[in-house]
Amino acid sequence: MKLVVFSGTVYGAAEEVARHAVARLQHAGVQCQYFNRTQLSELLAAEPQALLAVTSTTGLGELPDDLVPLYSELSAQLPTALRGLPGGIIGLGDSSYDDSFCGGGELINELFEELGIVQLLPRLRLDACETVTPETDAEPWIDQFAAALLQYTNVAP
Ligand SMILES: Cc1cc2nc3c(=O)[nH]c(=O)nc-3n(C[C@H](O)[C@H](O)[C@H](O)COP(=O)(O)O)c2cc1C
């Protein structure tokens, strides 16, 4: 099972969470490859068997600029190689933005639905209003995700 992880960030928090998740998932026995500012061709060349997206939100519910090119390519091409893969989403935001809270994660959620990616857990939403250590707060979710992925690998045909 090879998990491909990609992130979208403005100030670096989502990248830190993604890097922390990769370290923790690898420790749990999941093979990971992390991409930062990647293109679709590079992501597909890694032959992902599972996907984890970690993204913050900017503007009013928008994706960070560094994730927009990959998001646009994925939305335009909907590659069939990703259909049916297991996945997960960690969204970072700030609940003071009310209706657009974690809007970046929501956009990825809609994209994953279009791609046919099967989310193994409800997506995690990390609120900057409530935590200054999002990577630590994400740990229980990451551990559950690792367990779900390993179980999925064992039962998948
Ligand atoms: C200009 C700006 C716009 C933001 N817009 C939103 C938003 O619409 N919704 C939301 O939930 N959080 C919003 N946030 C909060 C960030 O998503 C949050 O602080 C996040 O932890 C930043 O992560 P990053 O360092 O990876 O970019 C915004 C932050 C800034 C500075």
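Note that the structure is predicted; figures quoted are calculated from it, not measured.

Chemist: Quick question: what am I supposed to make of the site of the ligand here?
Modeler: For the ligand, the set of nearby residues contains 20 residues, the closest of which are T9, A14, T57, S100 and C102. One of the backbone nitrogen or oxygen atoms of V10 is found 2.9 Å away from an oxygen atom of the ligand. Protein contacts shield 81% of the accessible area of the ligand, which totals 650 Å² for the unbound molecule. Most atoms of the ligand, that is more than half of them, are within 2 Å of grid points of the largest pocket. Those elements that provide at least two residues to the shell around the ligand are α1 (13-27) and β4 (86-93).

Chemist: Just to check I follow, could you spell out the layout of surface pockets for this structure?
Modeler: Left-over empty space is what a probe sized like a water molecule reveals as it rolls over the atoms. Taken as a whole, the largest pocket encloses approximately 430 Å³ of empty space. Contributing to the lining of the largest pocket are 23 residues, with Y11, S56, T57, G93 and A128 lying nearest its centre. Among the secondary structure elements, those contributing two or more residues to the lining of the largest pocket are α1, β4 and β6 (124-127). Grouping the amino acids of the lining of the largest pocket by side-chain chemistry returns 11 nonpolar, 10 polar and two charged.

Chemist: Whenever I open this one, empty space enclosed by the protein confuses me. Can you help?
Modeler: Summed over all chains, the structure comprises one cavity of 30 Å³ or more. As a volume, the largest cavity reaches approximately 30 Å³. Taken together, F6, S7, F35, N36, R37, T38, D66, L67 and L70 form the lining of the largest cavity. Of all the secondary structure elements, the ones that give two or more residues to the lining of the largest cavity are β1 (2-8) and β2 (31-36). Considering only residue class, the lining of the largest cavity consists of four nonpolar, three polar and two charged.

Chemist: Even after reading the chapter, I still don't get the UniProt feature "domain: Flavodoxin-like" (unreviewed entry) in the protein chain, so can you show me in this structure?
Modeler: As recorded in UniProt, the sites labelled "domain: Flavodoxin-like" (unreviewed entry) are residues 3-146. Overall, residues 3-146 shows 39% helix and 22% strand. The separation of its end C-alpha atoms is 10 Å.

The rules behind each value
Residues numbered from 1 in each chain as written. Predicted model: local features only at pLDDT ≥ 70, side-chain atom pairs only at ≥ 80, totals over all residues. Heavy atoms only, no water. Near = heavy atom within 4 Å. Polar contact = N/O pair within 3.5 Å; in protein donor to acceptor, adjacent residues only side chain to side chain. Areas by Shrake-Rupley, 256 points an atom, 1.4 Å probe, with all protein chains shown as cover. 1 Å grid on protein atoms, 1.4 Å probe; cavity = no way out; pocket = protein on both sides within 12 Å on 5 of 7 lines; lining within 4 Å. Sits in = over half its atoms within 2 Å of the grid points. Helix = DSSP H or I, 4+ residues; strand = E, 2+ residues; numbered from the N terminus. Points joined across faces, edges and corners; volume = space filled by probe spheres on them. Nonpolar A, V, L, I, M, F, W, Y, C, P; charged D, E, K, R; others polar. UniProt positions renumbered as here; feature names shortened; annotations may be inferred.

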